[in-house]
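These are the residues of each chain, in order.
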Amino acid sequence: MTRNTAAELAPRIDLAVTAVEGVRESYSARPVVARAFERVADVEGSLAAVEDVAGARAITVCIGVSDLDDAAEVAGAVAEAARGAGDDDVPASVRVRVARLIAPAS
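What this report covers is the structure whose coordinates are included nearby. Keep in mind it's a predicted model, so treat the numbers as computed, not measured. Along each chain, the written sequence defines residue order, and numbers are assigned to residues from 1. Only residues with pLDDT of at least 70 get local features here, since the model is predicted, and only at 80 or more are side-chain atom pairs given and counted; chain-wide, interface and lining totals rely on the full set of residues. Excluding hydrogens and water, the side-chain values take into account all heavy atoms of the structure.

### Some details on the overall build of the chain
Line of reasoning, step 1. Helix and strand definitions follow DSSP, with helices as H or I runs of at least four residues and strands as E runs of at least two, each counted in order from the N terminus. Helices and strands together make up the secondary structure of the chain, namely three helices and four strands.
Line of reasoning, step 2. Categorising residues by exposure relies on relative accessible area from a 1.4 Å probe, with only protein chains included: less than 20% of the type maximum marks a residue as buried, more than 50% marks it as exposed, and the intermediate range marks it as partly exposed. Burial status across the chain gives 35% buried among its 106 residues.

Spelled out as structure tokens, the structure:
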């Protein structure tokens with residue numbers, strides 16, 4: 001099986017993360033330098049940060065959840081969705097940052 005590149009995998013992870021119940025927002029986890037370059041070049045990049053390291057993969061995503069949801073539960077579901085986004089069997093560590101808690105309008 002062919003290994004997915006980081007560039008191929010990141011958009012799939014973005015879609016998988018936004019489909020997880022409890023995710024209210026998705027934010028960029030990529031380095032500010034990469035985001036600045038894309039802004040100058042007027043291109044859209046992915047929100048997930050994917051890095052290939054020594055036979056494995058490191059994935060980072062940032063999400064926002066409602067204060068009504070269990071953030072740890074949502075983060076666990078997001079990690080599983082991110083791992084399952086690729087169609088290869090490369091081991092992956094996933095870091096999920098809960099960047100903001102969003103209170104619903106009252």
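There's plenty left to go through after this.
### Some points on the pairing of strand β2 (residues 49-53)
Line of reasoning, step 1. Summarising the sheet, β2 and strand β3 (residues 56-66) pair through five bridges and their orientation is antiparallel. Paired with Asp-52 across the two strands is Arg-57, which belongs to β3.
Line of reasoning, step 2. When DSSP locates at least two bridges between a pair of strands, those strands are taken to pair. Connecting β2 to the antiparallel partner β3 that follows it, the hairpin turn spans two residues, and Ala-54 within it adopts a positive phi of roughly 40 degrees.

### Describing the side chain of Asp-14
Line of reasoning, step 1. Looking at where Asp-14 falls in the secondary structure, it is placed in helix α1 (residues 6-18).
Line of reasoning, step 2. Counting of polar contacts relies on pairs of N or O atoms within 3.5 Å, with two restrictions inside protein: one atom must be capable of donating a hydrogen and the other of accepting it, and residues adjacent in sequence are counted only when both atoms are side-chain atoms. From its side chain, Asp-14 meets the backbone nitrogen of Leu-47 in a polar contact 2.9 Å long.
Line of reasoning, step 3. Contacts were defined at the residue level, with two residues in contact if any of their heavy atoms lie within 4.5 Å. Apart from the residues lying within four places of it in its own chain, the contact partners of Asp-14 are Ser-46, Leu-47 and Ala-48.

### So, the pattern of salt bridges
Line of reasoning, step 1. By convention in these notes, a salt bridge is any Lys or Arg side-chain nitrogen within 4 Å of a carboxyl oxygen on Asp or Glu. Applying the stated criterion across every chain yields a total of four salt bridges.
Line of reasoning, step 2. Between Asp-69 and Arg-24 there is a salt bridge; the shortest N-O distance is 2.8 Å. Residue Asp-69 is found in the loop between β3 and α3 (71-84), and its partner Arg-24 is found in strand β1 (residues 23-27); the two are separated by 45 residues along the sequence.
Line of reasoning, step 3. With a shortest N-O distance of 3.2 Å, Glu-80 and Arg-83 are connected by a salt bridge. Remark: Arg-83 and Glu-80 occur in helix α3; sequence separation between them is three residues, near one turn of the helix.
Line of reasoning, step 4. For Glu-80, a relative accessible area of 52% translates into the label exposed.
Line of reasoning, step 5. Through salt bridges with shared partners, a single network forms among Asp-52, Arg-57 and Asp-88.

### Regarding α1
Line of reasoning, step 1. Under the 1.5 Å per step criterion, the end-to-end length of α1 is 18 Å for 13 residues, consistent within 8% with the ideal 18 Å.
Line of reasoning, step 2. If you check which residues of α1 are buried, you get Leu-9, Ala-10, Ile-13, Asp-14 and Val-17. Along the axis of α1, the buried positions cluster into a sector of 145 degrees, meaning they face one direction only.
Line of reasoning, step 3. Contacts made by the buried residues of α1 are with β1, β2, β3 and α3. Helix span, as expected, comes to 1.5 Å for every residue beyond the first. Here the arc refers to the directions that run from the helix axis out to each C-beta atom.

### Looking at the environment of Ala-58
Line of reasoning, step 1. By secondary structure assignment, the location of Ala-58 is in strand β3.
Line of reasoning, step 2. Ala-58 sits 35 residues away from Ser-93 along the chain, and the two C-alpha atoms are 5.0 Å apart.
Line of reasoning, step 3. Discounting residues that sit within four places of it in the chain, Ala-58 has contacts with Ala-49, Val-50, Glu-51, Val-53 and Ser-93.

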